[in-house]
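Chain by chain, the residues:
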Amino acid sequence: MAEKEVVETSEAQIAVHWQEEKYIYPSTEFIAQANMTDKTIFDRFSLDNFPNCFKEYADMLTWYEYWHTTLDTSDAPCFKWFVGGKINASYNCVDRHLKEYKNKAAIHFVPEPENEKIEHITYQELYARVNEMAALLRDFAGLKRGDRVTLHLPMTAELPITMLACARLGVIHSQVFGGFSGKACADRIVDSGSRVLITIDAYYRGGALLDHKEKADEAVAAAEKDGQKVDKVLVWQRYPGKYSAKTPVKDGRDYFVNDLLKGYYGARVEPERMDAADPLFLMYTSGTTGKPKGCQHSTGGYLAYTAGTSKYVQDIHPTDVYWCMADIGWITGHSYIVYGPLAIAASSVVYEGIPNYPDPGRPWRIAQELDVNIFHTAPTAIRALRKIGPDEPKKYNYHFKHMTTVGEPIEPEVWKWYYEVVGKGEAAIVDTWWQTETGGFLCSTLPALAPMKPGSAGPGVPGIHPIVYDDEGNVVEPGTGKAGNICIQNPWPGAFQTIWGDRDRYVRQYYERYCKNPDSKDWRDWPYMTGDAAVVAADGYVRILGRIDDVINVSGHRLGTKEIESAALVVEEVAEAAVVPVAHEIKGREPDLYVSLKPGYQASAEIEKKVMDAIVSEIGKIAKPRHVWIVPDMPKTRSGKIMRRVLGALSNKQPEGDVTTLANPEIVEQIKEMVTKA
Ligand code: PRX
């Protein structure tokens with residue numbers, strides 16, 4: 001029998017299972033103003049009414065042509081939504097709001113330096129800037145419908161403007177998180193086949209103006225080595241008219257967007273009429289192999305789903321000031337800073353910097369200044385702000401009606417601080433569980449309809465029907481207290497369509513394991529496997545335990561252990577590498593890295609540093625391990641497999657279990673001593 005793929009140390013194994021079952025109810029004041037107070041929404045979105053229920057979300061959008069088929073399953077599990085429909089995302093997020101909201105802020109851009117002025121971009125201004133950029137992309141860069149373009153931009157207003165300009169033309173954008181290295185950017189340029197890279201010269205982070213352009217040079221060089229030529233690098237300037245990077249500008253390749261735009265002032269570009277199933281963007285994420293995968297998101301389905309969930313789960317009204325403190329370089333920012341909120345005419349805040357710069361009062365000052373009333377962030381930020389500025393929120397005069405948490409499980413204690421101190425006991429909290437692949441929320445309480453339970457995401461949102469399977473494929477019933485692999489029974493419009501260029505991997509990774517019949521064209525046979533372990537309470541509330549695969553969730557960001565291991569193996573001296581997740585007070589999880597060296601090399605601080613540097617340059621700072629442990633040998637099975645389970649236990653100071661069957665049990669004691677002493 002083939003050896004079963006098992007992950008020896010998963011996040012789920014080191015998860016703490018909180019027993020908090022008390023309900024906390026949203027205030028009547030919140031309920032009175034909520035977008036969704038009608039309980040029948042769950043009947044309307046029941047499996048009996050699937051898939052037509054999602055018409056309700058699609059009808060929030062403006063279509064050039066209405067669709068004829070709600071869900072096409074003929075190419076299962078690559079599902080197509082709203083087939084026959086023609087739509088443009090840029091039109092829906094910008095143009096159609098002009099009639100009513102022309103002079104309302106679409107984006108509030110908050111620079112990190114506090115002495116720089118906040119930019120309030122109205123829908124009118126956004127319309128002009130998106131059109132001008134679209135004209136530039138079309139006429140100068142020669143981009144057209146279906147082309148891919150890589151963006152490597154930080155959190156400034158130019159990022160959503162560029163995304164919406166691409167969407168206007170039907171150009172598929174692939175935004176790479178600004179903190180990723182040039183090499184990581186290159187891998188995504190190559191995979192997506194982009195010949196244009198859009199970047200910025202510099203941006204602020206933690207008080208420093210970082211040279212970002214140098215990453216573009218690295219990216220272009222590395223992409224070219226891998227066979228993908230980038231012929232144009234479009235460089236926004238953090239300060240228009242001034243070049244803020246040290247890296248030289250390459251003639252005939254690098255162009256300043258701000259200069260070029262002068263030639264397009266007043267330009268207007270007719271939005272492309274896209275098929276609903278045409279891709280809107282790619283978002284790369286980590287998986288079980290070393291190679292990140294490009295999750296391909298659709299235009300019509302994705303926009304309908306993010307608009308619907310922004311309205312009912314985020315409870316955004318056009319009069320609200322909504323601040324999602326995530327990075328647009330991740331799916332949260334795409335769905336819930338840009339596309340969802342703008343599709344429903346929200347005012348969305350884009351903050352350039354880190355939450356605690358120059359001090360942990362910063363987020364609350366921004367909230368006070370802009371009258372933010374909906375706030376959205378990740379547990380890692382809440383933990384950090386609670387630790388370094390537990391009393392800061394009280395000092396500022398702001399009032400949230402609603403707050404979101406996303407990205408990782410939130411400890412009930414941290415949840416309570418968020419609720420009582422940040423939310424001042426007034427704000428409803430939604431704990432939204434979802435993924436890059438899912439485009440939008442999977443589980444959360446609907447804020448005006450259901451009570452909150454600290455540490456639990458809540459039941460499936462309307463139209464999402466979770467189910468938990470054990471390893472044998474039996475259903476784990478709610479209320480049994482048993483954990484299992486959480487899946488979604490049905491497709492939904494926000495789900496990614498495939499992995500860019502790799503349909504087989506898409507099927508294998510997300511559908512194969514629990515597929516009831518691989519030849520079936522019936523969606524019921526294709527539950528979507530999320531890769532998370534979960535426990536479902538008797539009331540249907542879902543508690544996520546963490547990843548069951550080779551993925552680690554660091555500060556709410558996904559990292560593949562294989563990606564980190566491959567980066568370590570770039571170092572000449574390294575023979576083997578193994579990464580395990582370790583619990584961390586602020587980040588939730590952190591990678592811990594074990595390496596063994598090739599014969600003839602001695603462990604040294606230099607090699608440790610070389611390995612750290614390699615990880616930063618191959619992936620980026622976020623992937624930095626807690627420690628690089630240079631071990632004399634890895635604990636191995638007799639067949640030579642590295643026992644990550646044992647390393648994971650040692651890193652987390654847990655019992656290592658029975659090691660007598662290992663080929664080299666004595667090594668475990670040596671490593672234990674090393675890890676405990678440090
Ligand atoms: O393990 C789950 C965790 O983050 C993973 C998805 O990461 P990513 O694709 O980067 O998207 C993050 C933002 C949507 C999931 O598989 N996760 C996400 N949200 C939660 C969560 N774990 C617990 N509670 C959440 N609310």
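Before reading further, recall that the structure is shown in the block above.
Calculation notes
Residues numbered from 1 in each chain as written. Predicted model: local features only at pLDDT ≥ 70, side-chain atom pairs only at ≥ 80, totals over all residues. Heavy atoms only, no water. Pairing = 2+ DSSP bridges. Helix = DSSP H or I, 4+ residues; strand = E, 2+ residues; numbered from the N terminus. Axes fitted to C-alpha atoms, helices over the stretch in contact; angles between N-to-C directions. Contact = heavy atoms within 4.5 Å. Core = buried A, V, L, I, M, F, W, Y, C linked by side-chain atoms within 4.5 Å. Buried < 20%, exposed > 50% of the residue type's maximum accessible area, 1.4 Å probe, protein only. Polar contact = N/O pair within 3.5 Å; in protein donor to acceptor, adjacent residues only side chain to side chain. Expected span 1.5 Å × (residues − 1). Phe/Tyr/Trp six-rings, centres within 6.5 Å; stacked < 30°, edge-to-face > 60°. Lys NZ or Arg CZ within 6 Å of the ring centre and 35° of its normal. Parallel < 35°, antiparallel > 145°, perpendicular 65-115°, else oblique. Near = heavy atom within 4 Å. Salt bridge = Lys/Arg side-chain N within 4 Å of Asp/Glu carboxyl O.

**Student:** Even after reading the chapter, I still don't get the sheet that holds strand 30 (residues 628–630), so can you show me in this structure?
**Tutor:** In a beta sheet, neighbouring strands are held together by backbone hydrogen bonds and run either parallel or antiparallel to one another. The strand order across the open sheet formed by three strands is 28-29-30, and the pairing between neighbours is mixed. At either margin of the open sheet sits one strand with a lone partner, and together these are strand 28 (574–584) and strand 30. Each neighbouring strand pair of the sheet contributes to a mean axis angle of 25°, computed without reference to strand direction. Of the strand pairs in this sheet, strand 29 (residues 588–597) and strand 30 are connected by three bridges, and their pairing is parallel. Each residue of the ladder has a partner; that of V595, found in strand 30, is I630. Of the strands in this sheet, strand 28, strand 29 and strand 30 touch helix 19 (residues 605–618), which is tilted by about 140° from strand 30.

**Student:** Where do I start with the nonpolar core in this structure?
**Tutor:** The tendency in soluble globular proteins is for nonpolar side chains to be buried side by side. Membership of the largest hydrophobic core comes to 123 residues, with the highest contact counts inside it found for F54, L126, I198 and Y339. The element contributing the most residues to this core is helix 7 (residues 123–139), with nine residues. Beyond its immediate chain neighbours, meaning those up to four positions away, I198 contacts M133, L137, V149, T150, L151, H152, L153, T162, L234 and W236. Core analysis: the next-biggest nonpolar cluster, separate from the first, contains 40 residues, L197, F256, A577 and A614 among them.

**Student:** I'm lost on the side chain of R543 in this one. Help?
**Tutor:** On the secondary structure map, R543 appears in strand 25 (residues 542–547). Polar side-chain contacts of R543 include one of 3.4 Å to the backbone oxygen of W18. At a separation of 2.5 Å, a polar atom in the side chain of R543 contacts the main-chain carbonyl oxygen of E20. Residues in contact with R543, not counting those within four places in the same chain, are H17, W18, E20, E21, K453, P454, G455, S456, A533, A534 and V535.

**Student:** Would you mind showing me how to read helix 12 (residues 300–312) here?
**Tutor:** Owing to its 3.6 residues per turn, the α-helix aligns residues three or four sequence positions apart on the same side. Compared with an ideal rise of 1.5 Å per residue, which puts 13 residues at 18 Å, helix 12 spans 18 Å between its outermost C-alpha atoms and is within 8% of the ideal. Among the 13 residues in helix 12, twelve count as buried, and that is most of the element.

**Student:** Teacher, can you tell me more about the packing of aromatic side chains here?
**Tutor:** Counted under the stated rule, the structure contains 48 aromatic pairs. The interplanar angle of 90° and the centroid separation of 6.3 Å between the aromatic rings of F50 and F54 together place this pair among those described as edge-to-face. Exposure class is identical for F50 and F54. Each is buried. Of the aromatic side chains, those joined through ring pairs into one cluster are F45, F50, F54, Y57, W63, Y66, W67, W81, F82, Y305, Y312 and W523. The ring of F180 has R188 lying over it, and the distance from NZ or CZ to the ring centre is 4.7 Å. Across from the ring centre of Y239, 5.0 Å away, lies the NZ or CZ of R238, which sits over that ring.

**Student:** What is the right way to look at the packing of helix 15 (residues 379–388) against helix 16 (residues 412–422) in this model?
**Tutor:** What describes two packed helices is the angle between their axes and the distance between those same axes. Running from N to C, helix 15 and helix 16 point in directions that differ by 75°, and their axes come no closer than 10 Å. On the basis of their axis angle, the class for helix 15 and helix 16 is roughly perpendicular. For the pair helix 15 and helix 16, the contacting residues are I382, R383, L385 and R386 in the first and E413, V414, W417 and Y418 in the second.

**Student:** In this structure, what is going on with the site of the ligand? I would like to understand it.
**Tutor:** Close to the ligand lie 16 residues; D431, T432, T436, D532 and R547 are nearest. A distance of 3.0 Å is found between a nitrogen atom of the ligand and a backbone nitrogen or oxygen belonging to G407. At 2.9 Å from an oxygen atom of the ligand is found a side-chain nitrogen or oxygen belonging to Q435. Looking at the shell around the ligand, the elements with two or more residues in it are strand 20 (428–432) and strand 25.

**Student:** Would you explain the pattern of salt bridges in this entry?
**Tutor:** When the charged atoms of two side chains with opposite charge come close together, those side chains can pair. With the rule as written, the count across this model stands at 56 salt bridges. For R547, the salt bridge identified is with D532, shortest N-O distance 3.8 Å. In this pair, R547 sits in strand 25 while D532 sits in strand 24 (residues 528–536), placing the two residues 15 residues apart along the sequence. Residues R547 and D532 agree in their burial class; the two are buried. Between E576 and K636 there is a salt bridge whose closest N-O contact spans 2.9 Å. Of this pair, E576 sits in strand 28 while K636 sits in the loop between strand 30 and helix 20 (644–651); the two residues are 60 residues apart in sequence, bridging distant segments of the chain. Using a relative accessible area of 21% as the deciding quantity, one classes E576 as partly exposed. Since its relative accessible area comes to 16%, K636 is described here as buried. What you see here is one network of salt bridges that share partners, running through E21, K453, D539 and R543.

**Student:** Help me understand the pairing of strand 15 (residues 293–298), please; the structure alone is not making it clear to me.
**Tutor:** With six of its six residues buried, strand 15 lies for the most part within the structure. Burial of strand 15 is two-sided: the residues K293, C295 and H297 facing one way and the residues G294, Q296 and S298 facing the other way are all buried. The pairing of strand 15 with strand 23 (residues 498–499) spans two bridges and is antiparallel. Across the sheet, residue C295 finds its bridge partner in strand 23, namely I499.

**Student:** Even after reading the chapter, I still don't get the sheet that holds strand 7 (residues 172–175), so can you show me in this structure?
**Tutor:** Strand order across the open sheet formed by eight strands is 12-11-8-6-7-14-15-23, with mixed pairing between neighbours. Looking along the sheet, the strands with just one partner apiece sit at the ends: strand 12 (254–256) and strand 23.

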